[in-house]
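# Summary of structural features
Letter by letter, the chains look like this.
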Amino acid sequence: VSAGGQGMEGTWSIVPSRSTDQATWRYSEMQLDLRHSGDRMIILHQWIERRRVALVDSFSFVPGRGETLIPIHSPIWSGNWYMGVLSKPGSMARVSGRWSGDGSALSMRSVQPVLVSQGETELETTWEYSLHADTLTVREQRASRPTPVVLTFVRKAAIGGWHK
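Since the model is a prediction, treat every value here as computed from it, not as a measurement.

Conventions we followed
Residues numbered from 1 in each chain as written. Predicted model: local features only at pLDDT ≥ 70, side-chain atom pairs only at ≥ 80, totals over all residues. Heavy atoms only, no water. Helix = DSSP H or I, 4+ residues; strand = E, 2+ residues; numbered from the N terminus. Buried < 20%, exposed > 50% of the residue type's maximum accessible area, 1.4 Å probe, protein only. Areas by Shrake-Rupley, 256 points an atom, 1.4 Å probe, with all protein chains shown as cover. pLDDT = per-residue confidence, 0-100. Contact = heavy atoms within 4.5 Å. Pairing = 2+ DSSP bridges.

Scanning the protein chain from terminus to terminus reveals one helix and 11 strands. Along the chain direction, N to C, the helices and strands of the protein chain fall in the order β-α-β-β-β-β-β-β-β-β-β-β. The buried share among the 164 residues of the protein chain stands at 45%. A total accessible area of about 8800 Å² is found for the protein chain, and carbon and sulfur atoms account for 52% of it.

Right, here's the structure in full:
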């Protein structure tokens, strides 16, 4: 297991003008919280509405090891809640990840059961987290979407808030 992510830890806020336009950003602010706990990486995707956390999607895994099973509790699938794709409560998401060779980027993969109008399917999503100076870039890709979603974040303190 290689360590990485120097400088990635902390709380990050989306910069909508530098990110792929999605309906989500029009109604809430996306915030990321990245933390280490020993070898374990903990990533919280949070959507803030009226200064309150309205939705959280969390991932906890050890980069460089096998898949971690994460229970799904809510039917709201945070990846595209506005498109009618639902999570399957009671099922498990399979999450894994690894650091780049030099530890400057984190790749995370999630496979989770979802419910769509045609029935149940598994949805695979990959995220690439990379730090460039004071900007965190997250590139999200799914086989069901031909182009990636690119999200740009700055530290919460950089826009008048707080961070670790």
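We now examine unusual backbone geometry. For Arg50, which is not a glycine, the phi torsion comes out positive at approximately 50°. Locating Arg50 in the fold gives a position in the loop between β3 (40-49) and β4 (52-61). Backbone geometry places Ala133, a non-glycine residue, at a positive phi of 55°. By the secondary structure assignment, Ala133 is in the loop between β9 (119-132) and β10 (135-142). Residue classification places Ala133 among the exposed residues on the basis of a relative accessible area of 75%.

Of all residues in the protein chain, 85% have pLDDT values of 70 or greater, and the mean over the chain is 84. Averaged pLDDT values over the elements of the protein chain bottom out at 59 in helix α1 (residues 23-27) and peak at 95 in strand β7 (residues 92-99). Per-residue pLDDT stays below 50 along residues 160-164; that stretch engages in 10 contacts with residues further than four places along the chain or on separate chains.

Okay, the pairing of β7 next. Pairing of strand β5 (residues 68-71) with β7 involves four bridges; the strand directions are antiparallel. By the bridge assignment, Leu69 is partnered in β7 with Arg94. One ladder, built from six bridges, connects β7 with strand β8 (residues 105-116); its direction is antiparallel. Note that in β8 the partner of Gly97 across the bridge is Met108. Where β7 hands over to β8, the hairpin turn is made up of five residues, of which Gly103 adopts a positive phi near 75°.

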